[in-house]
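Chain by chain, the residues run as shown.
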Amino acid sequence: MNQTLRTILLGLLVLPLAAQSPGLSVAGGVVVANDALKKVTNNSTGFVLGADWGAHVWGTDLAARIGFLGGSFPGAEKNQLKTSLTLLQAHGDLVIPTGHPTLTGLVGLSFNSYSMSRTGVESQIPEDVDHHFPIRDAKGLKLGLRLGLNLAISKQLSAELMFQQTELAGKDLMDPLVRQGGVNPSWLELDLRWHF
């Protein structure tokens, strides 16, 4: 990831800190995994919980929010191996008007930290990909993209559809076992959000 992209990401994440009229919201929802996430967990579902602090960007009418999210992507067993992921995320979103009074768009970036749990014993035959865990580790800070829509149901309650794509694991050339590698998971979230 080049330095320019990281600078832009950091700028978007701190943008709401220079804003006015703060407001807290909490959200919880279900996750529908896309193919790259299914490649790791062999499962198509998960769940997320999060909280956001929203405000208007200083000197404009543009709304923004900064928040934290936790996610669980439980694995399903395949070939006597199971890999599950948990996610801790810090994110920043710009809230974009759509012209409809109850519908807004969301565009954001995220910092992600995954932890991985594995059960089962993988094959030690280097070419036996079907009996190896899909990735060797999930360590490190990963960048991500967030795109979504928020529909206000009432003053306190809204529904949100969010697409997220993050980095996770590249091809590990130092690994003696052949793995699926090159995994950048993505998913759709359907959240309910309560605004205080």
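All of these numbers come straight from a predicted model, not from anything done at the bench. (Residues numbered from 1 in each chain as written. Predicted model: local features only at pLDDT ≥ 70, side-chain atom pairs only at ≥ 80, totals over all residues. Heavy atoms only, no water.)

(A) The overall build of the protein chain, seen in detail. Along the backbone of the protein chain there are two helices and eight strands. Here the protein chain holds 196 residues, and 39% of them are scored as buried. Sequence-distant contacts, at least 24 apart, represent 65% of the contacts inside the protein chain between residues at least 6 apart. Here the protein chain has roughly 10,500 Å² of accessible surface; of this, 65% comes from carbon and sulfur atoms. (Helix = DSSP H or I, 4+ residues; strand = E, 2+ residues; numbered from the N terminus. Buried < 20%, exposed > 50% of the residue type's maximum accessible area, 1.4 Å probe, protein only. Contact = heavy atoms within 4.5 Å. Areas by Shrake-Rupley, 256 points an atom, 1.4 Å probe, with all protein chains shown as cover.)

(B) The nonpolar core, seen in detail. Core analysis: the largest hydrophobic core is formed by 16 residues, its most contacted members being Phe73, Leu85, Tyr114, Ile135, Leu168 and Trp187. Every element with two or more residues in this core is listed here: strand E1 (20-33), helix H2 (35-41), strand E3 (63-73) and strand E4 (82-97). Setting aside chain neighbours within four positions, we find phenylalanine 73 in contact with Val31, Leu37, Thr41, Thr45, Gly46, Ser84, Leu85, Leu87, Tyr114 and Trp187. (Core = buried A, V, L, I, M, F, W, Y, C linked by side-chain atoms within 4.5 Å.)

(C) Highlighting the side chain of arginine 146. Note on placement: arginine 146 falls in strand E6 (residues 141-152). One polar contact links arginine 146 to glutamine 89, side chain to side chain, over a distance of 3.0 Å. Of note is the side chain of arginine 146, whose polar atom sits 2.8 Å from the side chain of aspartate 93. Beyond its immediate stretch of four places on either side in the chain, arginine 146 contacts Arg65, Gln89, His91, Asp93, Leu106, Val107, Gly108, Leu109, Ser110, Met162, Phe163 and Gln164. (Polar contact = N/O pair within 3.5 Å; in protein donor to acceptor, adjacent residues only side chain to side chain.)

(D) How the structure looks around a nonpolar patch on the surface. A surface patch of nonpolar side chains, amounting to about 500 Å² of accessible area, comprises Val30, Val32, Leu149, Leu161, Leu188 and Leu190. Residue assignment for the nonpolar patch shows that the elements contributing at least two residues are E1 and strand E8 (186-195). Note on placement: leucine 161 falls in strand E7 (residues 157-166). Residue leucine 161 is classed as partly exposed on the basis of its relative accessible area, which comes to 43%. (Patch = residues over 30% accessible without salt bridge, like charges linked within 9 Å, V, L, I, M, F, W, Y side chains within 5 Å. Salt bridge = Lys/Arg side-chain N within 4 Å of Asp/Glu carboxyl O.)

(E) Spatial organisation of the pattern of salt bridges. According to the stated counting rule, one finds six salt bridges in the structure shown. Among the salt bridges present, the one from arginine 193 reaches aspartate 52, with a minimum N-O distance of 2.8 Å. You can see arginine 193 sitting in strand E8 and its partner aspartate 52 sitting in strand E2 (residues 45-56), a full 141 residues away along the chain. A single burial state applies to arginine 193 and to aspartate 52, both of which are buried. Connected through salt bridges with shared partners, the residues Asp52, Arg65, Asp93, Arg146, Glu160 and Arg193 form a single ionic network.

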